[in-house]
Amino acid sequence: MRYRYLSDNHCHTDCSFDGVDPAMMLCDSATRQGLFALTITDHCECHRYYDEGYNRAIRQSYFEARKAAAVFRGKLHVYAGIELGQPMQDLKAAEEALSMCDYDFVLGSLHNVSGQPDFYDISYETADLPALLHTYFDEMLAMVQWGGFDSLAHMTYPWRYAQGDHGIALSYDPYWEQIDAVLKALIDKGLSLELNTSGLRQKLGTTIPDEPILRRYRELGGKRVTIGSDAHRWADVASGVEDGLALLESLGFTHIAIYHAHVPDMYPIA
Ligand SMILES: [Zn+2]
Ligand SMILES: [Zn+2]
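Scope of this entry: the structure provided in the associated data block. These figures come from a predicted structure and were not determined experimentally.

**Description of the packing of helix α4 (residues 129-146) against helix α5 (residues 157-165)**
With their axes 11 Å apart at the nearest point, α4 and α5 run at an angle of 165 degrees to one another. On the basis of their axis angle, the class for α4 and α5 is roughly antiparallel. Read as a crossing pair, α4 and α5 show a hand that is left-handed. From α4, Leu-129, Leu-133, Tyr-136 and Phe-137 reach across to α5, where they touch Tyr-157, Pro-158, Trp-159 and Ala-162.

**Looking at the coordination of the zinc ion (ligand 2)**
The protein atoms that coordinate the zinc ion (ligand 2) are His-10 (NE2), His-12 (NE2), Glu-83 (OE) and Asp-230 (OD), at distances of 2.1 to 2.2 Å. Viewed at the metal, the four donor atoms of the zinc ion (ligand 2) are separated by angles of 81 to 170 degrees, and the geometry they form is irregular. Considered as a linear motif, the donors of the zinc ion (ligand 2) on their single chain read H-x1-H-x70-E-x146-D.

**Thoughts on the coordination of the zinc ion (ligand 1)**
Every protein donor of the zinc ion (ligand 1) is accounted for by Glu-83 (OE), His-111 (NE2) and His-154 (NE2), and the metal-donor separations fall at 2.0 to 2.2 Å. For the zinc ion (ligand 1), all donor residues lie on one chain, and their spacing in sequence is E-x27-H-x42-H. In this model, the zinc ion (ligand 1) sits 3.4 Å from the zinc ion (ligand 2), the two metals being bridged by Glu-83. On the criterion of sequence distance, the pair formed by Glu-83 in strand β3 (residues 77-85) and His-154 in the loop between β5 (151-152) and α5 is long-range, its members being 71 residues apart. Judged by relative accessible area, Glu-83 falls into the buried class, the value being 1%.

**Structural notes on α5**
Burial runs high along α5: seven of the nine residues are buried. Taken together, the buried residues of α5 touch α4 and β6 (192-196). Just downstream of α5 lies Gly-167, where phi reads positive at about 65 degrees.

**What to know about the sheet that holds strand β4 (residues 105-109)**
Read across the open sheet, the seven strands follow the order β1-β2-β3-β4-β5-β6-β7; overall the sheet is parallel. This sheet does not close on itself; its edge strands, each paired only once, are β1 (7-11) and β7 (225-228). Pairing geometry for β1 and strand β2 (residues 37-45), over three bridges, is parallel. Looking at the pairing, Ser-7 lines up with Ala-37 of β2. Sheet contacts for helix α3 (residues 91-100): β2, β3 and β4; angle to β3, the most-contacted strand, approximately 170 degrees.

**Examining the pattern of salt bridges**
A side chain of one charge can pair with a side chain of the opposite charge when the charged atoms of the two come close. Inspection of every chain in the model, using the stated rule, returns eleven salt bridges. The partner of Asp-236 in a salt bridge is Arg-201, and the shortest N-O contact between them spans 3.5 Å. Pair noted here: Asp-236 is in the loop between β7 and α8 (241-250) and Arg-201 is in the loop between β6 and α7 (211-219), with a separation of 35 residues, a long-range link. A salt bridge links Arg-216 to Glu-219; its shortest N-O distance comes to 2.9 Å.

**So, unusual backbone geometry**
The phi angle of most residues is negative, glycine excepted, and most peptide bonds adopt the trans form. Here the bond from Ile-208 into Pro-209 is cis, since omega is 0 degrees, no more than 30 degrees from zero. Inspection of the secondary structure puts Pro-209 in the loop between β6 and α7. Here the phi dihedral of Gln-86 falls at roughly 55 degrees; this positive angle occurs in a residue that is not glycine. Looking at the element boundaries, Gln-86 is found in the loop between β3 and α3. You will see that His-262, though not glycine, has its phi angle at about 65 degrees, which is positive.

Thresholds applied
Residues numbered from 1 in each chain as written. Chains lettered and ligands numbered in written order. Predicted model: local features only at pLDDT ≥ 70, side-chain atom pairs only at ≥ 80, totals over all residues. Heavy atoms only, no water. Axes fitted to C-alpha atoms, helices over the stretch in contact; angles between N-to-C directions. Helix = DSSP H or I, 4+ residues; strand = E, 2+ residues; numbered from the N terminus. Parallel < 35°, antiparallel > 145°, perpendicular 65-115°, else oblique. Left-handed = near helix turned anticlockwise from the far one by under 90°. Contact = heavy atoms within 4.5 Å. Donors = N, O, S within 2.8 Å, 3.2 Å for Na, K, Ca; no water. Tetrahedral: all angles 85-135°; square planar, octahedral: opposite > 155°, others 65-115°. Buried < 20%, exposed > 50% of the residue type's maximum accessible area, 1.4 Å probe, protein only. Pairing = 2+ DSSP bridges. Salt bridge = Lys/Arg side-chain N within 4 Å of Asp/Glu carboxyl O.

What follows is the structure in structure tokens.
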């Protein structure tokens, strides 16, 4: 292990609808790999919050994270977070979710544009993908301007499915103006950009976002980056995190942010 402050700040337990293993198992894996910190970030899909009873799931996740923090004290810093999906699609739900628990860290995510299915479920053969992606970045900008979160999760999430799973080559070129606006808004508001390493173990084969966007973020003055594997099972904890840190280092980033009580503590990468 090259890195002293190896951490994973995006992972799902069995409190997420698509998660498999309990928080204790994730922490056990993190400890065995010598991680410094682990942040549990179970799903809260705001647009389905009331229909699917997320209030119970997120509360359970929070207590499991706090319990694990007590069990692993002295071996691993365990933080309680949440992955807040599509907050602008039900702001009342988002605000209720955030007020229910005393989180260390909130990821802001956009898994679908308003009125459309999750990018995972889009019919890529028939979809007007450019129109969807323009809307995606517009809605992302509105979410960043709202700013009720700490780090922007998997900024190029649709690429995971369109390019990775469906083999549709997708350039960033038509979207640079919007991408820049999102990155600048993050910097202006003091928020972080997440480097999500899930794409490295999936068909996409790159981090989410990847090098061109990370480079642009740095050019614009962005310094705050969080890192997470987006593990949905025990075996994926910290997957790709060392490669992600190496990429950040190669692009000139010097620190990684790990949040405690919404404060970004900046740890040296090297
Ligand atoms: Zn997500
Ligand atoms: Zn996730």
